[in-house]
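# Structural overview for review
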Amino acid sequence: MITNFFVLSPRGDTVIAKNYRSKSGVGAHERAHTEAFFRKVKFWDGVAPGTPGMDTTSGLDSGKDSSSAETGEGAESKESVKRFGDAPPVFVMPDGYSYMHVKRNGLIFGCATEKNVSPVAVIELLSKIAKVFKDYCGTLSEESIRKNFILLYELLDELIDYGYPQVTQTENLKAFVYNEPIVVSTVADTGKMINPKTASASAVHKPVIGSVDADGKKTSLSANQKNEIFVDILERLSVLFSNNGYVLNSTIDGCIQMKSYLAGNPQLRLALNEDLVIGRNTSTNYGSGVTVDDINFNDCVNLSEWEHGRTLSFYPPDGEFIVLNYRMTGDFKTPFRIFPSIEEVEPNKLEIAIHVRAEIPDNHFGANVCIEVPLPQTTTVASCNVVNTPGANGVNAEYISQDKKIVWTLKKFPGCSEQTMRAKVTLSGPCTSQIRREIGPINMNFEIPMYNVSSLQVRYLRIAENMPGYTPYRWVRYVTQSSSYVCRL
């Protein structure tokens, strides 16, 4: 299936590498083998060199011969419009191998294969490996991998044999792994930013097996550890606005994921909204409760009480796992509304105003908000001015001349408030209709802690059996994030 496996740091250093089979004898540990791959991923130019049929910019380059008769200025303007994004997860390199990779916490989990394998299967395998590494190390970082490389190589021996996946479940690997992880302290604590009464952000970064701290002291899961379970209700929004602020398309992709540190692995009962309706065509309670388009459950979930009481029962597996995924489209209240306007004050000068209104309750806020406004390639100068609003923190707007875009950031965007940014843009030539189309679309990234748009709620989470003296700590967190929050101009 795969020839080799490797993990690269953000700088391109090979942190872990394992060769499973290779006819040429060149393994993934060879420096040149991964350096060429990393350069291609880091500086992606839209085509893997020396591989016919892999040019992803064929649409841009089509008609190249016909454009040679045009003036030099026209050809130059077409070249300047070329923009390349991130490297795709699968591409072919000149050495004849197909390279596949995923990115997790800045690290690149990659592999190469000379066989005609299913890319989706390999991507899923790489994602599973990253998840297992995180479960056993507690946190996924370059430092944790370097300190636990003996444990991780032992895991790789059980995960993959001769390039084929064998055991990929965290709980099944426990019987074969004997090394103990070395716990690495987390980089930052963001728990205080949300609520001082919530658990520390580092509380969930614990290995699923007994570990050793930085001083070499052994820590057992059974001794001096609380019985805790962490529940995250995560929602990712995909919203498209028109230039006058109306919603054209909106989707919520949500999931409920857990990580259990309960001794004895007892059966749990998780109850959701009683008025939860599945399917838009369902007439029961339509419009009065929470309606999701579709929903799918983890294999460990027992659905015997789902239809009557919207209750799930299951034995939580080791490590982090997703209990269910759900999807909602159509009518829901968007947390932010974007109202843009463009005015041409002179033939080569534009004034752009972006007005954003937070429609979440005033006891919530948007964190790490970033709004990007792409500008024409003919932009020479742009100045930004932000209208200050009480309650907003860390507000800054600047023009990035290298990328030809305005970046507007807010560390904290309070609910029920409005923010406005005005920009004056000077172009090198007159603003034609073609140049006007280069402005936008506006892209917005944000995160809203302890808030979800769909109103899906956890009514209770309890142990199915009555166990005297067994009082677990339950941590439930709601997080809403932007997946694709775009406004046309």
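Summary of the structure given here. Note that the structure is a prediction, hence the values are computed from the model and not measured.

Let us look at unusual backbone geometry. In this structure, the amide linkage connecting glycine 440 to the following residue, proline 441, adopts the cis form with an omega of 0°. Of note, the phi angle at lysine 404 is positive, near 55°, even though the residue is not glycine. As for its position among the elements, lysine 404 is in the loop between strand E23 (396-400) and strand E24 (405-414). A relative accessible area of 18% means that lysine 404 is categorised as buried. Positive phi, normally seen in glycine, also occurs at methionine 450, with a value near 55°. Mapped onto the elements, methionine 450 comes out in the loop between strand E26 (442-449) and strand E27 (458-463).

Soluble globular proteins: nonpolar side chains tend toward being buried together. One finds Leu270 and Val323 to be the most contacted residues of the largest nonpolar core, which totals 68 residues. In terms of residues, this core owes the most to one element, strand E10 (residues 228-241), which gives six residues. Setting aside residues up to four positions removed in sequence, leucine 270 forms contacts with Ile256, Met258, Arg310, Thr311, Leu312, Phe314, Val323, Val458, Tyr460 and Leu461.

Within this structure, the stated rule accounts for 13 aromatic pairs. When the centroid spacing of 6.0 Å and the interplanar angle of 55° are considered together, the rings of phenylalanine 109 and phenylalanine 133 count as tilted. With a gap of 24 residues between them, phenylalanine 109 in strand E5 (residues 107-113) and phenylalanine 133 in helix H5 (residues 119-137) connect regions that are remote in the sequence. According to the relative accessible area criterion, phenylalanine 109 is buried, its value standing at 0%. When its relative accessible area of 0% is taken as the criterion, phenylalanine 133 is described as buried. Residues phenylalanine 314 and phenylalanine 321 carry aromatic rings whose centres are separated by 6.2 Å and whose planes lie at 75° to one another, so their mutual orientation is edge-to-face. For the pair shown, phenylalanine 314 and phenylalanine 321 are each scored as buried. An aromatic cluster is built from Phe6, Phe37, Trp44, Phe91 and Tyr99, whose rings are joined through pairwise contacts. Stacked on the ring of tryptophan 44, the Lys or Arg lysine 40 has its end atom at 5.4 Å from the ring centre. Directly above the ring of tryptophan 306 sits arginine 310, whose terminal nitrogen or CZ lies 4.9 Å from the centroid.

What follows covers the side chain of glutamate 154. Within the secondary structure, glutamate 154 is located in helix H7 (residues 149-159). Buried charge without a partner: glutamate 154 forms no salt bridge, and the closest opposite charge is lysine 18, 12 Å away. At a separation of 3.1 Å, a polar atom in the side chain of glutamate 154 contacts the main-chain amide nitrogen of tyrosine 178. Residues within four places of glutamate 154 in sequence aside, it is in contact with Phe176, Val177, Tyr178 and Asn179.

Looking now at the side chain of threonine 480. One can find threonine 480 in strand E28 (residues 473-487). Beyond its immediate stretch of four places on either side in the chain, threonine 480 contacts Glu235, Leu237, Phe446, Glu447, Ile448, Tyr451, Asn452 and Val453.

Here we take up the sheet that holds E10. Overall, mixed pairing links the nine strands, which are arranged E15-E18-E11-E10-E28-E26-E21-E24-E23 in an open sheet. Among the strands making up the open sheet, the edge pair consists of strand E15 (294-297) and E23. Strand-to-strand twist of the sheet, defined as the mean angle between neighbouring strand axes without regard to direction, takes the value 15°. Across 14 bridges, E10 lies against E28 in parallel orientation. Residue pairing for E28: glutamate 228 is matched across the bridge by tyrosine 473.

Once that is clear, we can look at the sheet that holds strand E16 (residues 301-302). Working definition: the strands of a sheet are paired by backbone hydrogen bonds and lie parallel or antiparallel to each other. Spatially, four strands are ordered E16-E17-E12-E27 in an open sheet, and the strand pairing comes out antiparallel. Taken across any chain shown, the strands that pair with only one partner, and hence form the sheet edges, are E16 and E27. Bridge count for E16 against strand E17 (residues 311-314) is two bridges, and the pairing is antiparallel. Paired with asparagine 302 across the two strands is serine 313, which belongs to E17.

The rules we used
- Residues numbered from 1 in each chain as written.
- Predicted model: local features only at pLDDT ≥ 70, side-chain atom pairs only at ≥ 80, totals over all residues.
- Heavy atoms only, no water.
- Helix = DSSP H or I, 4+ residues; strand = E, 2+ residues; numbered from the N terminus.
- Buried < 20%, exposed > 50% of the residue type's maximum accessible area, 1.4 Å probe, protein only.
- Core = buried A, V, L, I, M, F, W, Y, C linked by side-chain atoms within 4.5 Å.
- Contact = heavy atoms within 4.5 Å.
- Phe/Tyr/Trp six-rings, centres within 6.5 Å; stacked < 30°, edge-to-face > 60°.
- Lys NZ or Arg CZ within 6 Å of the ring centre and 35° of its normal.
- Lys, Arg positive; Asp, Glu negative; His and termini not counted.
- Salt bridge = Lys/Arg side-chain N within 4 Å of Asp/Glu carboxyl O.
- Polar contact = N/O pair within 3.5 Å; in protein donor to acceptor, adjacent residues only side chain to side chain.
- Pairing = 2+ DSSP bridges.
- Axes fitted to C-alpha atoms, helices over the stretch in contact; angles between N-to-C directions.

So, to be careful, I would describe these as geometric facts and stop short of saying anything about function.
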